[in-house]
Amino acid sequence: MKVLVISDLHYDKRVFRGVDESRVWEWLLSIVDYHKPDLLISLGDWGEAINETEFYELLRRVRVWSIYGNHDNLDVLRKMYNVLADKYEQVLMDDGEIREIDGVRFGAINGIVALKRKERKGVPRKRPEEFIEVAKNLRGKVDVLLMHDSPKLPLREYANIADDERVRAVTQAIEEARPRLVLCGHLHVSPYTVYRFDYGTLYVRVDSSQAHKHYLILHTDSMEIEVWRDMDKVFSQPIS
């Protein structure tokens, strides 16, 4: 099966830093129509302009699983369900929830880490220990870990990311869960990053905003990943 993975669409009715963010929904539908995936996964930050009418236009095309990030309209996401599924299935995954497709198990950790438990525009944050605890409960149970928040990596593009308790909690969470593949978003340091941890987990981050237009294709039969920019494949690699 073919799984299309996006993150950080940031759908909004505005021009931000020279980028028209209102065009992202039309672009999303175009890549779904082009690839015709069996499943679309979002790692969060859909943006605050999502609405039920447009979302059901997407759901009539493809089954969707999503976690939330820190720029989401949870009132809309919590209402969405998959009209193409055989049984009732919400779009939004719960913390620690595991879903399976084609024998591949996906586990979810929502939101970002904050040093004080709080919300912003109705989107919750997690304390470091809460984030890590969800990951511990997923260890040995999932092949793919879905997160919005991202760790600091020993790469030049991550040099300006603060190495603090929040970031270290994300790093520890990945190590606790130890999936074959971890998919992240949140950072906009480059269009995408592929990195392998020394314990074997492959990390991939993509930025699907209109500034970068990158996304991931996961082939569950071969467990191979492809990174695409718009309609062009720019990278491919087996997970292990």
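In case you missed it, the structure is sitting above this.
What comes next concerns the included structure. (Residues numbered from 1 in each chain as written. Predicted model: local features only at pLDDT ≥ 70, side-chain atom pairs only at ≥ 80, totals over all residues. Heavy atoms only, no water.)

Brief notes about the overall build of the chain
Okay, so step 1: When you go through the chain residue by residue, the secondary structure sums to five helices and 16 strands.
Okay, so step 2: A compact globule built from 240 residues would reach a C-alpha radius of gyration of about 18 Å, and the chain, at 16 Å, matches this within 12%.
Okay, so step 3: Within the chain, buried positions represent 54% of all 240 residues.
Okay, so step 4: A separation threshold of at least 6 residues defines the contact pool for the chain, and within that pool the share at least 24 residues apart is 61%.
Okay, so step 5: Surface exposure of the chain reaches about 10,800 Å², of which carbon and sulfur atoms provide 44%. (Helix = DSSP H or I, 4+ residues; strand = E, 2+ residues; numbered from the N terminus. Rg over C-alpha atoms; globule rule 2.2 N^0.38 Å. Buried < 20%, exposed > 50% of the residue type's maximum accessible area, 1.4 Å probe, protein only. Contact = heavy atoms within 4.5 Å. Areas by Shrake-Rupley, 256 points an atom, 1.4 Å probe, with all protein chains shown as cover.)

Comments concerning the sheet that holds strand 11 (residues 181-184)
Okay, so step 1: Strand order in the open sheet made by the six strands is 6-7-10-11-13-12, with mixed pairing throughout. Pairing within the sheet leaves two strands with one partner each, and these edge strands are strand 6 (98-101) and strand 12 (192-196). Averaged over all neighbouring strand pairs, the angle between strand axes comes to 20°, with direction disregarded.
Okay, so step 2: Pairing of strand 6 with strand 7 (residues 104-109), which is carried by four bridges, proceeds in the antiparallel orientation. (Pairing = 2+ DSSP bridges. Axes fitted to C-alpha atoms, helices over the stretch in contact; angles between N-to-C directions.)

Observations regarding the packing of helix 1 (residues 24-35) against helix 2 (residues 52-59)
Working note: a packed helix pair is described by the angle between its axes plus the distance between those axes.
Okay, so step 1: Taken N-terminus to C-terminus, the directions of helix 1 and helix 2 make an angle of 10°; their axes are 10 Å apart at the nearest point. Between helix 1 and helix 2, the crossing angle belongs to the class labelled roughly parallel. Seen from helix 1, the contacting residues are Trp25, Leu28, Leu29 and Val32; seen from helix 2, they are Glu54, Phe55, Glu57 and Leu58.
Okay, so step 2: Broken down by class, the residue content of the contact of helix 1 with helix 2 amounts to six nonpolar, no polar and two charged. (Parallel < 35°, antiparallel > 145°, perpendicular 65-115°, else oblique. Nonpolar A, V, L, I, M, F, W, Y, C, P; charged D, E, K, R; others polar.)

Here we look at the packing of aromatic side chains
Okay, so step 1: Applying the stated rule across the entire model yields 14 aromatic pairs.
Okay, so step 2: When the ring of Trp27 is compared with that of Tyr215, the centres are 5.9 Å apart and the planes differ by 65°; the resulting orientation is edge-to-face. Remark: Tyr215 occurs in strand 14 (residues 214-219) and Trp27 occurs in helix 1; sequence separation between them is 188 residues. By the burial criterion, Trp27 is buried, and Tyr215 matches it.
Okay, so step 3: Between Phe197 and Tyr199, the ring centres sit 5.3 Å apart and the planes meet at 10°, which makes this aromatic pair stacked.
Okay, so step 4: Grouped by ring-pair contacts, the aromatic residues Tyr11, Trp25, Trp46 and Phe55 constitute a single cluster.
Okay, so step 5: Over the face of the ring belonging to Tyr199 we find Arg178, whose NZ or CZ atom lies 4.7 Å from the ring centre. (Phe/Tyr/Trp six-rings, centres within 6.5 Å; stacked < 30°, edge-to-face > 60°. Lys NZ or Arg CZ within 6 Å of the ring centre and 35° of its normal.)

Overview of a nonpolar patch on the surface
Okay, so step 1: A cluster of nonpolar side chains, Tyr81, Val83, Leu84 and Tyr88, forms an exposed patch at the surface whose accessible area comes to about 400 Å².
Okay, so step 2: Taking relative accessible area as the criterion, Leu84 reaches 46% and is therefore assigned partly exposed. (Patch = residues over 30% accessible without salt bridge, like charges linked within 9 Å, V, L, I, M, F, W, Y side chains within 5 Å. Salt bridge = Lys/Arg side-chain N within 4 Å of Asp/Glu carboxyl O.)

Quick look at the pairing of strand 12
Okay, so step 1: Examined bridge by bridge, strand 12 and strand 13 (residues 202-206) share five bridges and lie antiparallel to one another. Its bridge partner lying in strand 13, Arg196 is registered against Leu202.
Okay, so step 2: Counting the residues between successive antiparallel strands, the hairpin from strand 12 to strand 13 contains five residues, one of them, Gly200, with a positive phi of roughly 110°.

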